[in-house]
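# Secondary and tertiary structure notes
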Amino acid sequence: MLLIIGLLIAFGLAVFVATPLLSAKGPGSSTLPVDVTPLGDLKRRRLVVYENLKDLEFEFQAGKIAAQDYRSLRENYLGEAAALMAATQEAEQLRENDAVIEREVAARRALRKITPPQDYVCPHCGFENPVPVKFCGECGTRITDRSRKV
Ligand SMILES: [Zn+2]
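Residues numbered from 1 in each chain as written. Predicted model: local features only at pLDDT ≥ 70, side-chain atom pairs only at ≥ 80, totals over all residues. Heavy atoms only, no water.

A contiguous nonpolar surface patch, about 260 Å² in accessible area, is contributed by Leu-47, Tyr-50 and Met-85. Among the structural elements, Tyr-50 can be located in helix 2 (residues 38-61). (Patch = residues over 30% accessible without salt bridge, like charges linked within 9 Å, V, L, I, M, F, W, Y side chains within 5 Å. Areas by Shrake-Rupley, 256 points an atom, 1.4 Å probe, with all protein chains shown as cover. Salt bridge = Lys/Arg side-chain N within 4 Å of Asp/Glu carboxyl O. Helix = DSSP H or I, 4+ residues; strand = E, 2+ residues; numbered from the N terminus.)

This brings us to the packing of aromatic side chains. Counted by the stated rule, this structure contains 1 aromatic pair. On the numbers, 3.8 Å between centres and 5 degrees between planes, the contact of Phe-60 with Tyr-70 is stacked. Remark: Tyr-70 occurs in helix 3 (residues 67-114) and Phe-60 occurs in helix 2; sequence separation between them is 10 residues. The exposure class of Tyr-70 is buried, given its relative accessible area of 9%. (Phe/Tyr/Trp six-rings, centres within 6.5 Å; stacked < 30°, edge-to-face > 60°. Buried < 20%, exposed > 50% of the residue type's maximum accessible area, 1.4 Å probe, protein only.)

It is worth spelling out the pattern of salt bridges at this point. Considering all chains together, one arrives at 5 salt bridges under this definition. Note that Arg-44 and Asp-41 form a salt bridge whose closest N and O atoms lie 3.1 Å from each other. Taken together, the residues Arg-44 and Asp-41, both in helix 2 and 3 residues apart, mark about one turn of the helix. By relative accessible area, which is 25% here, Arg-44 ends up partly exposed. For the salt bridge of Glu-104 with Arg-108, the shortest nitrogen-to-oxygen distance reads 3.4 Å. Taken together, the positions of Glu-104 and Arg-108, both in helix 3 and 4 residues apart, correspond to about one turn of that helix. With relative accessibility at 42%, the residue Glu-104 sits in the partly exposed group. A residue is classified by how much of its surface remains accessible, and Arg-108, at 55% relative accessible area, is exposed.

Just geometry here; none of it tells us what the structure is for.
In structure tokens:
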């Protein structure tokens, strides 16, 4: 019985590992893979685990697997699914962070564009301060805060 469990796990792992590889090289090799992002990969792997779970359920219902083996295999798959789910959430969080940073950068770029640079130019020495300042970075002259009024 242990040998069968081992074989099943090995087979499940083989399918688990091979499926993303196979589908990546799948029928549409001329077209780009639909989703090659880490998130897409995780999702695909999770679907494979669910598929395995379904098969396992089916085999158990058909009486091909002893209850004890069924339970341990099921536990295995569920653990795998949980790990993949956690990894997905992590990846989603990362992607969200990326989006937040991208928005922040875009907002700053836009802000730079709409703010006329002459607002930071020192009226005394003509030094072009790189950021809005109260006092000139070169000579220390107070710079009137025209940008604040906008
Ligand atoms: Zn100055």
